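Next come the chains, spelled out residue by residue.
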Amino acid sequence: MSGTPTPEEIRQLEKLLAEIRGKKGGAAARPGGPPPPFRAADPDARRQADLAKAVQVLQEAGLGHLLEPQPYRKRGAGRAAPVAAEPPATWLAGKPVCRHCLQPGDILTNRQLQDIFHCSPQGGMRRSRKTNSLVLISNHTQENYHDRWQDGCFHYTGMGLEGDQSLDFAQNQTLAESGKNGVEVYLFEVFHRGQYTFIGRVALAGEPYQEIQPDLHGQERKVWMFPLRILD
């Protein structure tokens with residue numbers, strides 16, 4: 001199979017996928033074309049060969065992601081379309097869509113972040129007034145900021161890609177005042193594109209300080225660093 005699968009090929013692949021996932025049914029059907037030369041007399045051995053072929057067909061068709069666990073759905077959401085163009089993650093199956101249910105190490109997609117925190121789908125500092133929260137994302141797949149763990153604290157770079165950063169600007173101010181404004185702060189790290197690993201709820205471990213980092217164009221500038229400690 002090459003290129004985009006036809007509707008008939010997709011139908012056959014869905015049947016094969018049902019077999020792979022252990023659903024009840026007969027031997028897996030094959031897409032069009034002659035059967036493979038292997039013909040085991042043992043039905044179980046033949047079925048295993050069929051399933052192995054199904055896995056190969058799915059992968060060659062660019063549908064290998066269908067073999068991964070499916071994402072959770074919000075209660076009452078029915079059969080909403082799955083999140084598209086995102087790599088597999090650790091889905092929070094069976095958990096309510098609630099930020100208080102997150103555990104360190106849980107991996108979310110960008111769509112899940114929006115569902116849970118009601119925040120923007122973009123940016124490294126995402127303020128949500130609806131949940132009174134600030135989501136901090138340290139994306140290690142990009143080189144715009146130089147965040148780091150140091151002495152048991154996570155030193156998070158403030159907002160602003162060009163020129164000197166301001167502590168009074170947008171979410172820099174929100175984070176700087178988080179000890180008294182009542183906003184809950186949540187930290188995520190990204191090690192693989194599209195996968196947001198939950199680190200924990202955090203708070204300032206000390207006063208924000210300045211250091212020199214390159215901006216978007218490689219020019220040195222002053223940035224604000226926020227030392228954070230994990231609360232839970």
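Remember, it's a predicted structure, so these values are computed and weren't measured experimentally.

**Some remarks on the pairing of strand E5 (residues 153-157)**
Extensive coverage of E5 is indicated by the burial of five of its five residues. Going residue by residue along E5, you find Cys153, His155 and Thr157 tucked away on one face and Phe154 and Tyr156 tucked away on the opposite face as well. Here strand E4 (residues 148-150) hands over to E5 after two residues, with Asp151 in that stretch at a positive phi of 55°. Two elements, E5 and strand E9 (residues 220-230), share four bridges in a ladder whose sense is antiparallel.

**Focus on the pairing of strand E2 (residues 125-128)**
Pairing of E2 with strand E3 (residues 133-139), which is carried by four bridges, proceeds in the antiparallel orientation. When the sheet's bridge partners are listed, Ser128 is paired in E3 with Ser133. Here E2 folds back onto E3, and the loop between the two strands holds four residues, one of which, Asn132, carries a positive phi near 50°.

**With respect to the packing of aromatic side chains**
Within the structure shown, the criterion is met by five aromatic pairs. Each ring, one from Trp149 and one from Phe154, has its centre 5.0 Å from the other, and the planes form 65°; the classification is edge-to-face. Trp149 gets classed as partly exposed once you look at its relative accessible area, which sits at 40%. For Phe154, a relative accessible area of 1% translates into the label buried. When the ring of Tyr186 is compared with that of Phe198, the centres are 6.4 Å apart and the planes differ by 35°; the resulting orientation is tilted. Note that Tyr186 is positioned in strand E6 (residues 184-192) and Phe198 in strand E7 (residues 195-204), a separation of twelve residues in sequence. On the accessibility criterion, Tyr186 (2% relative accessible area) is buried.

**Here we look at the side chain of Ser128**
Looking at the element boundaries, Ser128 is found in strand E2. On the accessibility criterion, Ser128 (1% relative accessible area) is buried. Every residue in contact with Ser128, bar those within four places of it in the chain, is listed here: Phe117, His118, Cys119 and Ser133.

Each value, and the rule that gives it
Residues numbered from 1 in each chain as written. Predicted model: local features only at pLDDT ≥ 70, side-chain atom pairs only at ≥ 80, totals over all residues. Heavy atoms only, no water. Buried < 20%, exposed > 50% of the residue type's maximum accessible area, 1.4 Å probe, protein only. Helix = DSSP H or I, 4+ residues; strand = E, 2+ residues; numbered from the N terminus. Pairing = 2+ DSSP bridges. Phe/Tyr/Trp six-rings, centres within 6.5 Å; stacked < 30°, edge-to-face > 60°. Contact = heavy atoms within 4.5 Å.

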